[in-house]
Amino acid sequence: MHTHPDIVALRERYDQVAQEPTAQITDGMMMISGLYGAASAWIVGFDNQTPLTVTNLITGVAIAVLSVAFGTAYGRSHGLTFVAPLLGIWLIVSPWIVSGVDTSTAMIWSNSVVGALVCLLGLATAAVGMGPRVQRRESHDQ
């Protein structure tokens, strides 16, 4: 099935759309946001809150890896675009959900802002994948 001509053409179209400047900027900003999320414990100064530090580190690295996958092989990784907004939501709620954390205002703001940004960028990345399907359907209808 993975060699079917329609799937190959769709992947090529996804890869073409991913090379547009808007998609590249979105992927780059998501990677930077993920790296910030991973390092935020040390940047903001809540590295003494080990459970949240580990959560942010793992989540931030996952976001950065996803953004690299989207930027380099969107045709093959577009099926994972739903994960980025979920990780953004996790960053927003994690200060309250992760046990053993004494939250501070800086922690909450840091996680909320980067989480919201990742969520929005993830939705934008998912929207990139919606374009080729719509155009493809229109070409079949004619």
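Rules of the game
Residues numbered from 1 in each chain as written. Predicted model: local features only at pLDDT ≥ 70, side-chain atom pairs only at ≥ 80, totals over all residues. Heavy atoms only, no water. Core = buried A, V, L, I, M, F, W, Y, C linked by side-chain atoms within 4.5 Å. Buried < 20%, exposed > 50% of the residue type's maximum accessible area, 1.4 Å probe, protein only. Helix = DSSP H or I, 4+ residues; strand = E, 2+ residues; numbered from the N terminus. Contact = heavy atoms within 4.5 Å. Expected span 1.5 Å × (residues − 1). Bend = angle between axes of the 7 residues up to and from the residue. Axes fitted to C-alpha atoms, helices over the stretch in contact; angles between N-to-C directions. Parallel < 35°, antiparallel > 145°, perpendicular 65-115°, else oblique. Left-handed = near helix turned anticlockwise from the far one by under 90°. Nonpolar A, V, L, I, M, F, W, Y, C, P; charged D, E, K, R; others polar.

1. Describing the nonpolar core
Step number 1: Of all hydrophobic cores here, the largest spans 14 residues; its most connected members are Met30, Ile63, Phe70 and Val128.
Step number 2: Looking at this core, the elements that each hand over two or more residues are helix H2 (21-45), helix H3 (50-77), helix H4 (83-97) and helix H5 (105-141).
Step number 3: Every residue in contact with Val128, bar those within four places of it in the chain, is listed here: Val17, Ala23 and Tyr74.

2. Observations regarding the environment of Thr53
Step number 1: Tracing the backbone through its elements, the reader meets Thr53 in helix H3.
Step number 2: In the structure, Thr53 is positioned 13 residues away from Ser40 in sequence and 8.0 Å away in space, judged by C-alpha atoms.
Step number 3: Residues contacting Thr53, with those up to four places away along its chain left out, are Ala41, Trp42, Phe46 and Asp47.

3. A few points about H3
Step number 1: Taking 1.5 Å per residue as the helical rise, H3 with its 28 residues ought to reach 40 Å, whereas the 32 Å between its terminal C-alpha atoms falls clearly short.
Step number 2: Approximately 80 degrees is the largest bend angle found in H3, and it occurs at Gly71.

4. Regarding the side chain of Thr59
Step number 1: Within the secondary structure layout, Thr59 lies in helix H3.
Step number 2: By relative accessible area, which is 6% here, Thr59 ends up buried.
Step number 3: Excluding residues within four positions of it along the chain, Thr59 makes contact with Leu87, Trp90 and Leu91.

5. Focus: the packing of H3 against H4
Step number 1: Running from amino to carboxyl end, H3 crosses H4 at an angle of 165 degrees, the nearest separation of the two axes being 10 Å. Put simply, H3 runs roughly antiparallel to H4. Two packed elements cross with a definite hand, and for H3 against H4 that hand is left-handed. Where H3 abuts H4, its residues Leu52, Thr55, Asn56, Thr59, Ala62, Ile63 and Leu66 lie against Val83, Ala84, Leu87, Trp90, Leu91, Ser94 and Pro95.
Step number 2: In the contact of H3 with H4, the residues fall into ten nonpolar, four polar and no charged.

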